[in-house]
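# Structural features, examined
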Amino acid sequence: TVCLVVAVASLTDYAKAKEFRDQQLRLEGERHVNLVRSGESTIVHPGELVVGDIIRLAVGDIVPVDGILIDGSGLKMDESALTGESDLINKAVYTGGGKESKADPFIVSGTNVMQGSGKMLVVAVGCNSMQGRILARIREQETEGGDDDD
C-alpha cells in the first residue's frame, strides 16, 4: 500500500508540474510589445526586440529589455524585483541640466510600469540586459554549486 500511495503521489506531482510548464509556455507565447521600428508602429514578441527599437510603455507592462526614457509623463516604475525596495521610482526624460538634474531616465528589464506612460529607446536585450546578466550569474552559480556537492 505504501508503494501505491507513493506512485499515485508521484503521478499527481508530475501531472501538476507538466500542466504548470505548459501554461507558462502558453503565457510566454502570448506576451507582446507595442513598438515603433523604422517609423512604423507594430506589435512583436519580446524576443524579437533589437537595440534601437522604441517601445511604448503603459500601465501594467513588464519591461523585457533595458532602455532610456525618451518621452513620457508621470511614469512610475516598480523596481522591487531588482532592488527589493517597495517604493515606486519616478522616471523622467533627461533634458540636460548637469549634476543638479534629478531625472532618472534609465529603465531596466524586469520592472513594472505602475503609473503613467511613455516611450523608451532599447539599449540592451537578452543576456546584455540587467535581467539577462542576473540570470546568467544565477546559472553560473548553480553550475559551480553543483560541482561542489561531490
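This text goes with the structure placed above it.
Below, the structure is looked at part by part. (Residues numbered from 1 in each chain as written. Predicted model: local features only at pLDDT ≥ 70, side-chain atom pairs only at ≥ 80, totals over all residues. Heavy atoms only, no water.)

## Observations regarding the pattern of salt bridges
So the rule is basically this: Should a side-chain nitrogen of Lys or Arg be within 4 Å of a carboxyl oxygen of Asp or Glu, the pair is scored as a salt bridge. Per the convention used, a helix needs a DSSP run of H or I reaching at least four residues, while a strand needs a run of E reaching at least two, with both numbered from the N terminus. Working definition: with a 1.4 Å probe on protein chains only, accessible area under 20% of the residue-type maximum means buried, over 50% means exposed, and in between means partly exposed.
A full pass over the atoms with the stated rule returns 3 salt bridges. Glu79 is paired through a salt bridge with Lys91; the nearest N and O atoms lie 2.9 Å apart. Of the two residues, Glu79 is situated in the loop between strand 4 (66-78) and helix 2 (80-83) and Lys91 in strand 5 (residues 88-91); the sequence distance between them amounts to 12 residues. In this structure, Glu79 and Lys91 share a single accessibility class: buried. The structure contains a network of salt bridges with shared partners spanning Glu79, Lys91 and Asp104.

## Observations regarding a nonpolar patch on the surface
Where we set the bar: Note that patches include only residues with greater than 30% relative accessible area and no salt bridge, and the join distances are 9 Å for like charges and 5 Å for nonpolar side chains (Val, Leu, Ile, Met, Phe, Trp, Tyr). A 1.4 Å probe and the Shrake-Rupley method give the accessible areas. Residues count as covered only by the protein chains that appear here.
Taken together, the side chains of Leu82, Ile134, Leu135 and Ile138 present a nonpolar region at the surface, about 290 Å² in accessible area. The greatest single-element share of the nonpolar patch, amounting to 3 residues, is contributed by helix 3 (residues 130-148). If you trace the backbone, Leu135 turns up in helix 3. Overall, the relative accessible area of 39% leaves Leu135 in the partly exposed class.

## A word on the pairing of strand 4
What counts, and what does not: By the convention used here, strands pair only if DSSP detects at least 2 bridges between them.
Across 10 bridges, strand 4 lies against strand 7 (residues 112-124) in antiparallel orientation. In the strand pairing of strand 7, Asp66 is matched with Ala124. When strand 4 meets strand 6 (residues 106-107), the two strands line up antiparallel, connected through 2 bridges. Bridge pairing in strand 6 places Gly67 opposite Ile107.

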